[in-house]
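The primary structure of each chain is shown beneath.
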Amino acid sequence: MIKVLVIDDDFMVAKVHAGFVNKEPGFTVVGIAHTASDAIKAATELAPDLVLLDIHLPDMNGLDLLQRLREVQPELDVIVISAAREMDTVRKALRGGIVHYLMKPFSWDDLRERLKHYAKTYQPLHVAADQELEQADVNRLFGLGGQNRRPLPKGCSAETMTLVENIVKEAAEPISATETAEKLGTSRVSARRYLEYLAEENLAQVNLRYGGVGRPERRYSWNT
């Protein structure tokens, strides 16, 4: 279970974010803090794996708090959740080693996508420190699905593409867009856009399944 600490000065917002996190399988909120001082204390006592961090806090800037949190929990991962949109703030956050930067307001699907990406990509690093990685594994860690690919279609994200790749790779038999959508928790149309991209990049193979009346069903398998 991935332990999460929610840090936000707004009591209601923090409660909503905690509710979002607790809805995602494999995640549990172990604490909520509304000030930097409370956050440092909670991080020390609760040893969370992941922090959802707001930038604007009453007693300390969130970016300064980020460094303090790392002092008490060096292996801590951070997703910044903030209304701050200034380039300088985003740049400093990225240089501080955050996992993601999610701007308010956002939907449950937006946060869910980041959490699933974290669970797939970042969290395993904590439990397999001695494991040797291939270049493809490192590419996924840095948000690259592969080398020399075309840019993703408009509206598609690298995080979701990684999830789709893993779904296709782990499928025991060719998988459909409908089945992929169910695993992602998204629409069939959206899932098919990702699958077709993989097929066009020759990373996935399209298999046609003929059944009753109508067009054959397109099913996808990973090209090994």
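Not measured: the values here are computed from a predicted model. (Residues numbered from 1 in each chain as written. Predicted model: local features only at pLDDT ≥ 70, side-chain atom pairs only at ≥ 80, totals over all residues. Heavy atoms only, no water.)

### Concerning unusual backbone geometry
To keep things clear, this is the line we draw: Secondary structure elements are defined from DSSP: runs of H or I of at least 4 residues count as helices, runs of E of at least 2 residues count as strands, and each element is numbered from the N terminus.
The amide bond that connects K104 to the next residue, P105, takes the cis arrangement and shows omega of -10 degrees. Examined against the element boundaries, P105 turns out to sit in the loop between strand 5 (100–103) and helix 5 (108–122). Its identity as a non-glycine residue notwithstanding, A47 has a phi of 50 degrees, on the positive side. Turning to its location among the elements, A47 is positioned in the loop between helix 2 (36–46) and strand 3 (50–53). Look at N202: it is not a glycine, yet its phi comes out positive at around 60 degrees. Position of N202 relative to the elements: it lies in the loop between helix 10 (188–200) and strand 7 (204–209).

### Re the packing of aromatic side chains
Inclusion rule: Pairing of aromatic rings covers Phe, Tyr and Trp, the last counted by its six-membered ring, and requires centre-to-centre distances within 6.5 Å; plane angles under 30 degrees mean stacked, over 60 mean edge-to-face, and any other angle means tilted. Buried residues are those whose accessible area, probed at 1.4 Å on protein chains only, stays under 20% of the maximum for their type, while exposed residues exceed 50% and partly exposed ones sit between those limits.
Taken as a whole and judged by the stated rule, the model has two aromatic pairs. With centroids separated by 5.5 Å and ring planes inclined at 35 degrees, the aromatic side chains of F20 and W108 adopt a geometry described as tilted. Of the two residues, F20 sits in helix 1 (residues 11–23) while W108 sits in helix 5, which places them 88 residues apart along the sequence. In this pair, the class of F20 matches that of W108, namely buried. Taken together, the ring pairs in this structure connect F20, F106 and W108 into an aromatic cluster.

### A closer look at the sheet that holds strand 7
Convention followed: In this description, strands pair whenever DSSP reports at least two bridges between them. Any pair of residues with heavy atoms lying within 4.5 Å of one another is described as a contacting pair. Lines fitted to the C-alpha atoms define the axes, with helices restricted to the stretch that makes contact. Angles between their N-to-C directions range from 0 to 180 degrees.
Across the sheet, three strands lie side by side as 6-8-7; this open sheet has antiparallel pairing. Edge positions in the sheet fall to strand 6 (175–176) and strand 7, since each of these pairs with one other strand and no more. Pairing of strand 7 with strand 8 (residues 217–222) involves six bridges; the strand directions are antiparallel. Paired with R209 across the two strands is E217, which belongs to strand 8. Running over the sheet, helix 8 (residues 158–170) touches strand 6 and strand 8 and is turned about 90 degrees from strand 8.

### Here we look at the pairing of strand 2 (residues 27–33)
One ladder, built from six bridges, connects strand 1 (residues 2–7) with strand 2; its direction is parallel. Residue pairing in the sheet places L5 in a bridge with G31 of strand 2.

### Here's the deal with the nonpolar core
As a reminder of what qualifies: The set of buried Ala, Val, Leu, Ile, Met, Phe, Trp, Tyr and Cys residues whose side-chain atoms join them within 4.5 Å is what this entry labels a nonpolar core.
Judged by nonpolar contacts, the single largest core of 24 residues is most densely connected at I7, V51, L53, L65, L69 and Y101. Looking at this core, the elements that each hand over two or more residues are strand 1, helix 2, strand 3, helix 3 (62–72), strand 4 (77–82) and helix 4 (87–95). Looking at this core element by element, the count peaks at five residues for helix 2. If we skip the residues at most four places from it in the chain, Y101 touches I55, V80, S82, A84, T89, V90 and A93. Counting residues in hydrophobic clusters, the runner-up holds 20 residues, among them F27, V99, L115 and Y118.

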